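Listed here are the chains, written in short residue letters.
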Amino acid sequence: QVQLVESGGGLVQPGGSLRLSCVASGNIASISGMGWYRQAPGKQRESVATITSDGSTHYADSVKGRFTISRDNALNTAYLQMNSLKPDDTAVYYCQGNILRSRPFMWGDYWGQGTQVTVSS
């Protein structure tokens, strides 16, 4: 069994910062790509940032220069540093990982339960 658990969401004023964390646990043999996605009320889930196992990153145009994705492979953890937050960043943020589970060995996409980020004065 594999689980992803996000933390770090909350209420922040415009211009503020938050740091999200995502810890993967369970029968994990390897983790390939990881990513952060978000879904605002009434909108489809969208990709925010992704990172490969060797550290290559990709960002949505709307967050470039403000958000930074990183990971610690030894801790099976991904992070999303969010600076200069705007009200439009308000959403539930989800962590995703492409993970090789063990016993039995099988690749799959796993998602966390989401963490709420609200940007408001």
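Our subject in this report is the structure included herewith. Source: prediction; values computed, not measured.

The next point concerns the pairing of strand β5 (residues 46-51). One ladder, built from five bridges, connects strand β4 (residues 28-39) with β5; its direction is antiparallel. Its bridge partner being in β5, W36 is matched across the sheet by A49. Turn length for the β4-β5 hairpin, with the two strands adjacent in sequence and antiparallel, is six residues, and the turn residue G42 shows positive phi of about 80°. Two strands pair when backbone bridges link them, and β5 and strand β6 (residues 57-59) are joined in this way by three bridges, in the antiparallel orientation. When the sheet's bridge partners are listed, I51 is paired in β6 with T57. What sits between the antiparallel neighbours β5 and β6 is a turn of five residues, in which G55 has the positive phi angle 95°.

Let us now look at the environment of F105. Within the secondary structure, F105 sits in the loop between β9 (91-101) and β10 (106-111). Put simply, F105 and A29 are 76 residues apart on the chain and 7.8 Å apart in space, counted from C-alpha to C-alpha.

Every second residue of strand β11 (residues 115-119) is oriented toward a common face, the buried set being T115, V117 and V119 and the non-buried set Q116 and T118. Pairing of β9 with β11 involves three bridges; the strand directions are antiparallel. The residue bridging Y93 from the neighbouring strand is T115, located in β11.

Before going further, it helps to spend a moment on unusual backbone geometry. The residue after R103, namely P104, is reached through a cis peptide bond having omega 0°. With respect to the secondary-structure elements, P104 resides in the loop between β9 and β10. Even without being glycine, N76 reaches a positive phi, approximately 50°. With respect to the secondary-structure elements, N76 resides in the loop between β7 (67-72) and β8 (77-82). The class for N76 is partly exposed, based on a relative accessible area of 24%. A positive phi angle, near 55°, is found at R103, a position not held by glycine. In this structure R103 comes out as exposed when scored by relative accessible area, which is 63%.

The rules we used
- Residues numbered from 1 in each chain as written.
- Predicted model: local features only at pLDDT ≥ 70, side-chain atom pairs only at ≥ 80, totals over all residues.
- Heavy atoms only, no water.
- Pairing = 2+ DSSP bridges.
- Helix = DSSP H or I, 4+ residues; strand = E, 2+ residues; numbered from the N terminus.
- Buried < 20%, exposed > 50% of the residue type's maximum accessible area, 1.4 Å probe, protein only.

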